[in-house]
Each structure stands twice: as C-alpha cells, then as structure tokens.
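The lines below spell out each chain.
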Amino acid sequence: MASVTLENLKKTYPGGVEVVKGIDVDIADGEFVTLVGPSGCGKSTTMNLIAGLEEPTSGTIRIDGQVVNDWTPKDRDVAMVFQSYALYPHMDVRRNMAFPLEVAKLDPKVIETRVKETAERLGIDALLDRKPKELSGGQRQRVALGRALVRKPKLCLFDEPLSNLDAALRNQMRAELKKLHEDLKATFIYVTHDQAEAMTLSDRVVVLHKGIVQQLAPPKEIYARPSNVFVANFLGSPKINMMKAKTLRCEEAVRKLSGGREVLVGIRPEDVHIGTGAPPPDAPAGKVYVVEPMGAETWVMVEMEGERITARGGAAYAGRSGDVAWLQFDVNKLTLFDAKSEKRIDHSA
Amino acid sequence: MKRIGLWFGLIAAITFCAGPFVWQMLTSIRPESDLTSLGMPTAVTFDSYVGAFHGRPFGHVILNSVIVAVVTTLFCLAVGASAAFALAKLDFRGRKALLFASLAVSMFPPIATVSPLYLIIRSVGLLDELTGLIIPYTTFALPLTLWILTGFFEDIPDELYRAARVDGCTPFQAFRKVLLPLAAPGLATTAILVFIFSWNEFLYALTFISTPEKRTIPVAISLFAGEHKEPWGEIAAASVIATLPLIVVTMFFQRKIVAGLTAGAVKG
C-alpha cells in the first residue's frame with residue numbers, strides 16, 4: 001500500500017524544453033488514478049519521475065510520506081507496465097516473470113510459487129515455457145502485467161499498457177484491470193491518452209495539458225463540470241459541442257446566466273435532441289451534415305451558421321444528410337466558459 | 001543467355017575471392033622443383049609444411065599470435081561493450097563528443113604513430129613483450145568496437161532498459177542481465193573484426209618485437225626469406241596455417257555475424 005504525493009514537480013530537459021511545469025497531485029493509498037492528456041502533455045514524463053527513471057528538475061516526490069527524489073527505482077519498489085510490454089526477448093515467460101524476484105534475490109522456491117500463482121490468476125500458466133516472440137499481443141500484455149504483479153507491489157504504474165492492443169481486446173483487458181485493482185487494493189497510477197480508459201478505470205482523473213494539471217477530479221465530475229474548455233473538449237465521446245451562444249439562438253438565456261460576460265457555450269451531444277414535428281419559430285435549425293447510427297443511439301451532425309453540432313437522434317432516427325433538422329435542448333444543461341480565460345463559469349443551474 | 005552471364009559473374013567473383021588462397025594452397029603442397037609452374041601440382045608433398053617449422057620457432061609464433069589476438073579481442077569486448085552501453089543508454093554530458101573523439105584516435109595512420117609509440121613502450125619497459133602489442137592493439141581497435149556496439153545498443157529499445165531498472169536492477173545489472181545478451185550478434189561481429197585486425201597487424205609487431213620467439217605470424221612469415229633464397233613453398237605453407245584460425249573463428253561466429261551485419265545495415 002502506498003500513497004504518492006507530487007509537490008510542485010518540474011522537469012526541464014537539457015535544451016530548455018519544459019515538459020512538466022509544476023504538478024501538485026495527492027494520490028491516496030489504494031487509489032486508481034489516471035493521468036490523461038494528448039501526446040506531449042507530460043504524462044509519461046510524470047510517470048517516469050515517479051518510477052525514478054528520470055530525475056525531476058525541482059519539486060518533491062513522496063511515496064508513503066517519504067521524499068524519494070534521490071532514491072533509485074530499486075529502492076522505490078515500484079512496478080511498472082510499459083506500452084511496448086518490454087518483455088526480455090531472450091528469456092521465456094517464466095524467467096521474464098521471475099526476473100524482478102531473482103534480482104531481489106528471493107528464495108527460488110518462493111519465486112516458483114509466486115510465478116505460478118500469478119500466471120494462473122492471469123490465465124497464462126500454459127505459456128510459461130514460451131519465448132515472447134511466440135506470443136500474441138494480448139498474451140504479451142498479460143505477461144508484462146504478470147511481471148509487475150508477481151512482485152506484489154504496493155504501487156503499480158501503467159504507461160499506456162493497452163494502446164498496442166486491438167479494440168476488442170482493449171475493452172476486455174480494461175475490465176480485467178479494473179477488477180484486478182479491486183482485488184489487489186494496491187495503488188495504481190495509469191497513463192493514457194485514451195479518454196475512455198480514463199473515464200472507465202479510475203477513481204480520479206488528472207487531466208494534463210502542456211505540463212500543467214488542468215483538472216483533478218473523479219471521472220463523473222470531470223465530465224459534468226469540466227474546469228475549462230480544454231478538459232471539456234478532451235473528455236467525452238462524441239466530443240462536446242462548443243460554440244457561441246448565437247449559434248444556438250439562446251443568447252438571451254445565456255446572458256442571464258453569465259451576467260453579460262462574453263462566453264463560449266458547451267453542451268454534451270446527449271443533451272441536444274433532434275426536434276420532431278414543426279419547429280418553434282426561434283428554434284436553432286440547420287441541415288443534417290452526416291448521420292452516425294450507433295445501434296442504441298444515432299448521432300446526427302447538424303450544420304448551422306457554419307458550425308457543426310452533434311445531437312442525439314434516438315435509435316429510430318431515419319433522417320439523411322441534407323435533411324432540414326432543428327434542435328431542442330435544456331438551457332440549464334449548458335456549460336459556460338469565459339471566452340477569454342476559457343475557464344468554466346459557475347451558474348445557478 | 002542470362003544464365004550464362006550469371007554463371008560467368010559467379011565464377012569471376014569466386015576466383016577473385018578464393019583464387020589467391022587456392023593458389024597459396026597449391027603452392028604449399030608442390031614439390032620444390034614444381035614451384036614456378038602453373039596448373040596443378042605434379043605431385044603432392046608436405047615438405048613445405050615440415051620446412052616451415054624446421055629451424056624456426058614457428059610453433060611459438062603461432063601461439064604468440066593466438067595470445068595477442070584473443071586477449072586483444074577480450075579486452076576490446078569488455079571495455080567496448082560497457083562503454084558502448086553507457087554511450088547508448090545513459091544520460092550524460094558529451095556523449096557525442098566522446099564518440100567522435102574515439103573515432104579520431106583511429107584516424108591516425110599507423111606509420112605516424114609508430115615512432116612515438118615505440119618511445120612510450122620502451123619507457124614503460126614493454127618492448128619485446130606481447131603486452132606491448134596487446135595494449136596498442138586494444139587502443140586502435142577500440143574505436144571500431146565502440147562504434148559498432150553503440151549502434152547495437154541503440155537498437156535495443158529504451159523500454160527494456162527502463163523495465164530492468166524498475167525490476168530492481170542497478171544500471172550495471174541491467175547491462176549484464178538484459179542488454180548484453182541481446183547485443184550478442186554485435187559482440188560476435190566485433191569479435192571477428194578485432195580478431196582479424198590483431199591477427200594480421202604487421203607494423204607494430206615488426207617494430208616492437210625483436211626476439212624471434214616473441215614474433216607474431218605476419219612478421220615471422222615476412223622474415224622467412226633468407227639472404228640467397230626465397231622459400232616460397234614454406235611461406236605458402238605458413239600462410240595457409242595462419243589463415244586457418246581465421247576461418248575457424250569466422251565459421252564459429254558466422255550465424256550471429258550475419259544477423260549482426262544486417263542489423264547494422266538497417267540501422268544505417
């Protein structure tokens with residue numbers, strides 16, 4: 001069990017590239033926290049700093065309250081799963097999994113039992129004598145996971161572990177990872193650029209952008225109350241609709257909510273409906289740009305005033321590109337952002 | 001027509017590569033009277049082989065060459081591999097500069113360095129000692145070793161090194177347990193090149209060694225010639241003997257070298 005605290009953590013590479021610009025994060029014992037952001041946001045660097053693979057330029061890293069800045073990865077006793085799996089090609093699965101225990105000079109009998117236990121739990125006990133090159137991507141991924149879990153780590157780091165898997169396998173592993181975390185009760189820190197993984201897996205999500213924490217909150221809160229335009233745009237699929245109030249023809253209502261400030265208006269696609277029947281005179285209307293049936297849902301992209309708005313059409317929606325459509329939505333579902341600072345404006349709704 | 005052209009090219013290439021060695025072989029088993037003739041030998045005799053050892057410490061000489069080449073190769077691999085690992089995987093100032101500086105060392109033509117080296121080796125008392133060859137050989141073969149091996153270590157994904165570190169290895173353990181086994185093709189390639197270089201080196205061996213029992217093969221063979229006679233048969237026999245270890249070593253490492261050379265090629 002381990003808590004992790006990052007205080008004003010900074011990392012500047014030689015040549016002056018500042019990748020991490022002062023991160024403050026407090027991760028509780030047994031928590032599953034995801035660092036998410038676009039590539040180059042500093043999430044992997046932050047991970048490497050926690051693991052001890054890179055040295056911070058300034059700031060402190062605490063594990064279980066102890067400052068570990070100068071500790072080697074070995075002393076930090078942190079397990080890590082890499083995107084490329086990083087299995088040792090010259091060792092079979094058994095030795096790959098035993099490796100961290102062998103380095104720690106554990107009793108061979110203990111090593112054998114632990115490797116067997118872990119392999120059984122992950123369903124790879126039949127593969128123990130194979131070399132990594134004889135395994136499929138999904139199997140390699142499990143072995144990489146096994147090599148981390150065999151250590152019974154108190155802190156486990158995941159660096160985009162599912163990115164190299166195909167979509168079906170990724171969803172399956174995602175669920176298994178979550179279950180694994182519930183069983184192990186270890187602290188998991190997970191890096192991904194995939195917002196779906198961030199939303200589904202974590203207790204809390206850290207949204208990083210340009211080396212700065214944009215928001216740190218549970219997934220539901222981040223989704224419902226994104227702290228700024230970047231976070232709103234980054235999380236959620238399909239993407240949030242972000243535009244001027246004029247496009248949605250709700251300027252009057254928005255002015256009341258915002259107190260007259262110039263704002264950007266965001267609304268999630270599931271909160272915008274395609275209107276049925278005759279539109280009211282002042283309803284926002286446009287032409288259907290493209291229709292995306294998803295089965296349970298149909299997303300309809302409507303073009304109006306030069307902008308495209310994604311709306312919910314319902315499973316039975318039968319419209320086509322080029323049809324006239326009008327939109328219905330609850331003004332209280334709007335999220336307002338200051339047009340200049342791009343920060344969310346709290347309103348009474 | 002195409003076929004004929006291909007065969008012609010093939011034969012030309014084989015003749016070009018293997019011809020001199022075959023000729024040497026043939027010369028070594030000809031009777032002395034037959035030496036200047038072309039074509040196949042009229043009779044087969046091993047007199048030249050016996051003669052090569054007769055009245056000369058040629059057995060010693062072979063042993064000297066083996067010692068010098070093997071020890072130089074081991075030194076180069078030991079120093080080269082750990083240095084190349086550091087250059088490829090560890091972060092420190094002046095990596096590039098170090099690599100180019102090492103290349104610069106190998107740029108000096110041997111003839112330019114032989115006199116100052118002679119003075120140095122004399123002053124440290126290594127003149128006429130095999131150690132006096134091993135040290136400069138290592139110095140001059142090291143840059144090549146470093147360049148080839150650095151390429152190999154750079155080809156090994158960084159994540160493997162990081163994984164080993166997270167798994168509890170010190171940098172040196174990560175090198176020894178994970179990276180070194182993966183660089184085996186590179187080590188084999190380098191080993192063969194360094195071995196051949198030290199096996200064939202002539203100038204330093206001629207200059208630094210004066211006792212006949214301490215000479216290496218190339219020097220010894222060059223001094224076969226007497227005042228009145230060039231013993232071509234014996235020279236040929238000695239050359240064949242000198243070439244055999246190279247063939248054996250190459251065969252031994254061959255599989256790995258092929259992998260090694262292509263890996264280097266793709267890297268560019």
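Residues numbered from 1 in each chain as written. Chains lettered and ligands numbered in written order. Predicted model: local features only at pLDDT ≥ 70, side-chain atom pairs only at ≥ 80, totals over all residues.

## Notes on the overall build of chain B
Part 1 of the argument: The helix and strand inventory of chain B stands at 12 helices and 0 strands.
Part 2 of the argument: Mapped in sequence order, the helices and strands of chain B form the string α-α-α-α-α-α-α-α-α-α-α-α.
Part 3 of the argument: C-alpha atoms of chain B, sized along the principal axes, occupy 70 × 65 × 30 Å.
Part 4 of the argument: Taking all 268 residues of chain B together, the buried fraction comes to 34%. (Helix = DSSP H or I, 4+ residues; strand = E, 2+ residues; numbered from the N terminus. Buried ≥ 20, exposed ≤ 12 C-beta atoms within 10 Å, placed from the backbone.)

## Points about the overall build of chain A
Part 1 of the argument: If you tally the helices and strands in chain A, you get 10 helices and 19 strands.
Part 2 of the argument: If you line up chain A on its principal axes, its C-alpha atoms span 80 × 45 × 35 Å.
Part 3 of the argument: Within chain A, buried positions represent 40% of all 349 residues.
Part 4 of the argument: The long-range fraction of contacts in chain A, counting pairs at least 24 apart against all pairs at least 6 apart in sequence, stands at 65%. (Contact = placed C-beta atoms within 7 Å.)

## Regarding the sheet that holds strand β19 (residues 344-345) of chain A
Residues and elements named next belong to chain A.
Part 1 of the argument: One open sheet accounts for 4 strands, arranged β11-β12-β18-β19; its pairing is antiparallel. What marks the edges here is a single partner per strand, and that holds for β11 (241-243) and β19.
Part 2 of the argument: When β11 meets strand β12 (residues 263-267), the two strands line up antiparallel, connected through 3 bridges. Paired with N241 across the bridge in β12 is I267. (Pairing = 2+ DSSP bridges.)

## Concerning the sheet that holds strand β9 (residues 204-209) of chain A
Residues and elements named next belong to chain A.
Part 1 of the argument: Reading across the sheet, the 6 strands line up as β6-β7-β8-β3-β9-β10 and stay open at both edges, with mixed pairing between neighbours. At either margin of the open sheet sits one strand with a lone partner, and together these are β6 (79-81) and β10 (212-217). Sheet twist, expressed as the mean angle between neighbouring strand axes with direction ignored, is 15°.
Part 2 of the argument: Sheet strands touched by helix α5 (residues 137-149): β6 and β7 (155-159). Its angle to β6, the strand with the most contacts, is close to 175°. (Axes fitted to C-alpha atoms, helices over the stretch in contact; angles between N-to-C directions.)

## A word on the nonpolar core
Part 1 of the argument: In terms of nonpolar packing, the biggest core is built from 150 residues, with I50, M80, A144, L157 and I189 of chain A touching the most fellow members.
Part 2 of the argument: Sort the elements by how many residues they give to this core and helix α3 (residues 58-89) of chain B lands first, with 12 residues.
Part 3 of the argument: The residue makeup of this core includes at least three contributed by each of domain 1 (4-234) and domain 2 (241-345) of chain A.
Part 4 of the argument: Once you skip the residues sitting within four places of it in the chain, L157 of chain A turns out to touch M47, I50, A51, V78, A79, M80 and I189 of chain A. (Core = buried A, V, L, I, M, F, W, Y, C linked by C-beta atoms within 7 Å. Domains from an automatic or database assignment.)

## Thoughts on the environment of E120 of chain A
Part 1 of the argument: Its place among the elements puts E120 of chain A in helix α4 (residues 108-122).
Part 2 of the argument: For E120 of chain A, a count of 12 C-beta atoms within 10 Å corresponds to the exposed category.

## Comments concerning the interface of chain A and chain B
Part 1 of the argument: In this assembly, 17 residues from chain A lie in contact with 15 residues from chain B.
Part 2 of the argument: Where the side of chain A that touches chain B is concerned, the elements lending two or more residues are α2 (73-76), β6 and α3 (93-103) of chain A.
Part 3 of the argument: Among the elements that line the side of chain A that touches chain B, the one with the most residues is α3 of chain A, at 3 residues.
Part 4 of the argument: The residue inventory of the side of chain A that touches chain B, partitioned by class, reads 14 nonpolar, 2 polar and 1 charged. (Nonpolar A, V, L, I, M, F, W, Y, C, P; charged D, E, K, R; others polar.)

## So, the domain arrangement of chain A
Residue and element names in this part refer to chain A.
Part 1 of the argument: When cut into domains, chain A gives domain 1 (4-234) and domain 2 (241-345).
Part 2 of the argument: Computed from C-alpha coordinates alone, the two centres of domain 1 and domain 2 are separated by 38 Å.
Part 3 of the argument: Across the boundary between the two partners, domain 1 contributes 7 residues, which contact 8 residues of domain 2.
Part 4 of the argument: For the side of domain 1 that touches domain 2, the residue count by class is 3 nonpolar, 3 polar and 1 charged.

## Description of the confidence of the model for chain A
Part 1 of the argument: Residues at a pLDDT of 70 or more form 99% of chain A, whose mean pLDDT is 91.
Part 2 of the argument: The least confident element of chain A, judged by mean pLDDT, is helix α10 (residues 251-258) of chain A at 82; the most confident is α3 of chain A at 96. (pLDDT = per-residue confidence, 0-100.)

## Digging into the pairing of strand β2 (residues 17-27) of chain A
Part 1 of the argument: As judged from the 8 bridges shared by strand β1 (residues 4-13) of chain A and β2 of chain A, these two strands associate in the antiparallel manner. Considered in β2 of chain A, the bridge of T12 of chain A is made with E18 of chain A.

## Here's the deal with the packing of helix α6 (residues 131-155) of chain B against helix α9 (residues 184-200) of chain B
Think of two packed helices as two axes; the pair is described by the angle between the axes and how far apart they sit.
All names here are of chain B.
Part 1 of the argument: For the pair α6 and α9, the least separation of the axes is 10 Å and the interaxial angle reads 160°. Between α6 and α9, the interaxial angle falls into the category roughly antiparallel. Where α6 crosses over α9, the handedness of that crossing is right-handed. Counted together, Y137, A141, L144, T145, I148, L149 and F152 of α6 and G186, T189, T190, L193, V194, F197 and S198 of α9 form the full contact between these two elements.
Part 2 of the argument: The residue makeup of the contact of α6 with α9, split by class, is 9 nonpolar, 5 polar and no charged. (Parallel < 35°, antiparallel > 145°, perpendicular 65-115°, else oblique. Left-handed = near helix turned anticlockwise from the far one by under 90°.)

## Some details on α4 of chain A
Residues and elements named next belong to chain A.
Part 1 of the argument: For α4, built from 15 residues, the straight-helix expectation of 21 Å at 1.5 Å per residue is met to within 8% by its first-to-last C-alpha distance of 21 Å.
Part 2 of the argument: Along its buried surface, α4 packs onto α3 and α5.
Part 3 of the argument: G123 sits one or two positions beyond α4 and adopts a positive phi of about 70°. (Expected span 1.5 Å × (residues − 1).)

## What to know about unusual backbone geometry
Only a minority of non-glycine residues have a phi that is not negative, and only a minority of peptide bonds are not trans.
Residue and element names in this part refer to chain A.
Part 1 of the argument: With an omega of -5°, the peptide bond running from S237 to P238 counts as cis.
Part 2 of the argument: Phi angles above zero are rare outside glycine, and A86 is one such case at about 50°.
Part 3 of the argument: Structurally, A86 is set in the loop between β6 and α3.
Part 4 of the argument: Even without a glycine there, the phi angle at K185 is positive, about 60°.

## Details of the packing of α4 of chain A against α5 of chain A
Residues and elements named next belong to chain A.
Part 1 of the argument: Axis separation between α4 and α5 bottoms out at 10 Å; the angle between their running directions is 140°. Taken as axis vectors, α4 and α5 run oblique relative to one another. Remark: the crossing between α4 and α5 carries right-handed chirality. Here T118, A119 and L122 of α4 lie close against α5, whose contacting residues are R142, L145, G146 and L149.

## Quick look at helix α7 (residues 158-166) of chain B
Part 1 of the argument: Counting buried residues in α7 of chain B gives 7 out of 9 residues, a clear majority hidden from the surface.
Part 2 of the argument: Among the residues of α7 of chain B, those classed as buried are L160, Y161, R162, A163, A164, R165 and V166 of chain B.
Part 3 of the argument: Where α7 of chain B is buried, its residues meet α1 (43-51), α2 and β6 of chain A together with α3 and α8 (171-182) of chain B.
Part 4 of the argument: Phi turns positive one or two residues past the end of α7 of chain B, at G168 of chain B, with a value near 105°.

## Section: the environment of L203 of chain B
Part 1 of the argument: One can find L203 of chain B in helix α10 (residues 203-208).
Part 2 of the argument: Put simply, L203 of chain B and V219 of chain B are 16 residues apart on the chain and 8.3 Å apart in space, counted from C-alpha to C-alpha.

## Some thoughts on the confidence of the model for chain B
Part 1 of the argument: For chain B, per-residue confidence averages 86 on the pLDDT scale, and 94% of positions sit at 70 or higher.
Part 2 of the argument: Here residues 264-268 of chain B is modelled with pLDDT under 50, and outside its nearest four sequence neighbours on either side it reaches 4 contacts, counting other chains as well.

## A look at the environment of V67 of chain A
Residues and elements named next belong to chain A.
Part 1 of the argument: With respect to the secondary-structure elements, V67 resides in strand β5 (residues 66-67).
Part 2 of the argument: Considered as a pair, V67 and L6 are 61 residues apart in the sequence and their alpha carbons are 9.7 Å apart.
Part 3 of the argument: Excluding residues that lie within four positions of it along the chain, V67 makes contacts with T60 and R62.

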